[in-house]
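Here are the chains, one letter per residue:
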Amino acid sequence: MNRAARSLVGILSTAVLAACAGGATTTPVASPPPSTPSVASSPAASGPTTVAMGTFHSVDADASGTVALEHLADGSFAVVFEEFTVANAEHTNVILVPNTDVTKDADIDQATIVDLGPLTGTTGMQDYKVPAEMTAGAMGYHTVVLWDTAMKHAIAAAPLTLK
């Protein structure tokens, strides 16, 4: 192996090891061109990308199941429930809040919610589109809440953790 090839192998090895260790390398690495969208602004072309996950816990009533915040191929976001169960869907909407979690009704500032609409059922997989005007800020919402619109209280919440 000639000197140039050994040097290139050393540079690539350093870059790979630094990336795996989460550290930085002092070897300059070419950045993507400015027109290349970042992962946060554009999902993989092959389909939805799960960017955050959560599990429902009780606030004022019981609900179970998981929630995923998915970045869709068209650039929009959706909230997807799986293995979901709640006793009643009457007067219940799905909302997003910026809080890292909701454990009591007072945790919710109603001026900051994003309402995704009425709960479509009491069991099973369900999808809720994030409104187009909220797409740019969707990553700023950290908890999915089942919100009783008649009584103005949280039924259950699912704090989202980035994947």
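Residues numbered from 1 in each chain as written. Predicted model: local features only at pLDDT ≥ 70, side-chain atom pairs only at ≥ 80, totals over all residues. Heavy atoms only, no water.

## What to know about the overall build of the protein
(1) Moving on: In terms of regular secondary structure, the protein is built from 1 helix and 10 strands.
(2) Moving on: A total of 163 residues make up the protein; the buried ones form 35% of that total.
(3) Moving on: When contacts within the protein are restricted to residue pairs at least 6 apart in sequence, those whose partners lie at least 24 apart make up 61%.
(4) Moving on: Looking at the protein as shown, the accessible area adds up to about 9,400 Å², and 59% of this sits on carbon and sulfur atoms. (Helix = DSSP H or I, 4+ residues; strand = E, 2+ residues; numbered from the N terminus. Buried < 20%, exposed > 50% of the residue type's maximum accessible area, 1.4 Å probe, protein only. Contact = heavy atoms within 4.5 Å. Areas by Shrake-Rupley, 256 points an atom, 1.4 Å probe, with all protein chains shown as cover.)

## So, the confidence of the model for the protein
(1) Moving on: Averaged over all residues, the pLDDT of the protein is 79; the fraction at 70 or higher stands at 72%.
(2) Moving on: Across residues 1-44, confidence stays below pLDDT 50; counting only partners more than four residues off in sequence or on other chains, it has 19 contacts. (pLDDT = per-residue confidence, 0-100.)

## Observations concerning the environment of Thr92
(1) Moving on: Within the secondary structure, Thr92 is located in strand β5 (residues 92-97).
(2) Moving on: Taking C-alpha positions, Thr92 is 6.3 Å from Leu146, a pair spaced 54 residues apart along the chain.
(3) Moving on: Other than its neighbours up to four places away in sequence, Thr92 contacts Pro118, Leu119, Leu146, Trp147 and Ile155.

## Remarks on the packing of aromatic side chains
Within a pair of aromatic rings, the relevant descriptors are the distance that separates the centres and the angle that separates the planes.
(1) Moving on: If you walk through the whole model with that rule in mind, you get 4 aromatic pairs.
(2) Moving on: With 5.5 Å between their ring centres and 55° between their planes, Phe56 and Phe84 make a pair best called tilted. In this pair, Phe56 is assigned in the loop between β1 (49-55) and β2 (57-58) and Phe84 in strand β4 (residues 77-86), connecting sequence segments 28 residues apart.
(3) Moving on: Overall, the relative accessible area of 6% leaves Phe56 in the buried class. (Phe/Tyr/Trp six-rings, centres within 6.5 Å; stacked < 30°, edge-to-face > 60°.)

## A few points about the pairing of β5
(1) Moving on: Most of β5 sits out of view: 6 of its 6 residues are buried.
(2) Moving on: Across the two faces of β5 the burial is the same, with Thr92, Val94 and Leu96 and Asn93, Ile95 and Val97 all buried.
(3) Moving on: Note: β5 against strand β8 (residues 143-148), 6 bridges, orientation antiparallel. The partner of Ile95 across the bridge, within β8, is Val145.
(4) Moving on: Where β5 lies against strand β6 (residues 114-118), 4 bridges are found, and the strand directions are antiparallel. Opposite Ile95, over in β6, you have Asp115 as the bridge partner. (Pairing = 2+ DSSP bridges.)

## Some words on the sheet that holds strand β3 (residues 63-71)
(1) Moving on: Spatial strand order, β7-β4-β3-β1-β10: 5 strands in an open sheet with antiparallel pairing. Pairing within the sheet leaves two strands with one partner each, and these edge strands are β7 (126-129) and β10 (161-162).
(2) Moving on: Bridging between β4 and β7 involves 4 bridges; their strand directions are antiparallel. The residue of β7 that forms the bridge with Phe81 is Gln126.

## A few points about the sheet that holds β6
(1) Moving on: Read from one edge to the other, the open sheet built from 5 strands follows the order β2-β9-β8-β5-β6, with strand pairing classed as antiparallel. Of all strands in the sheet, those with a lone pairing partner are β2 and β6, marking the two edges.

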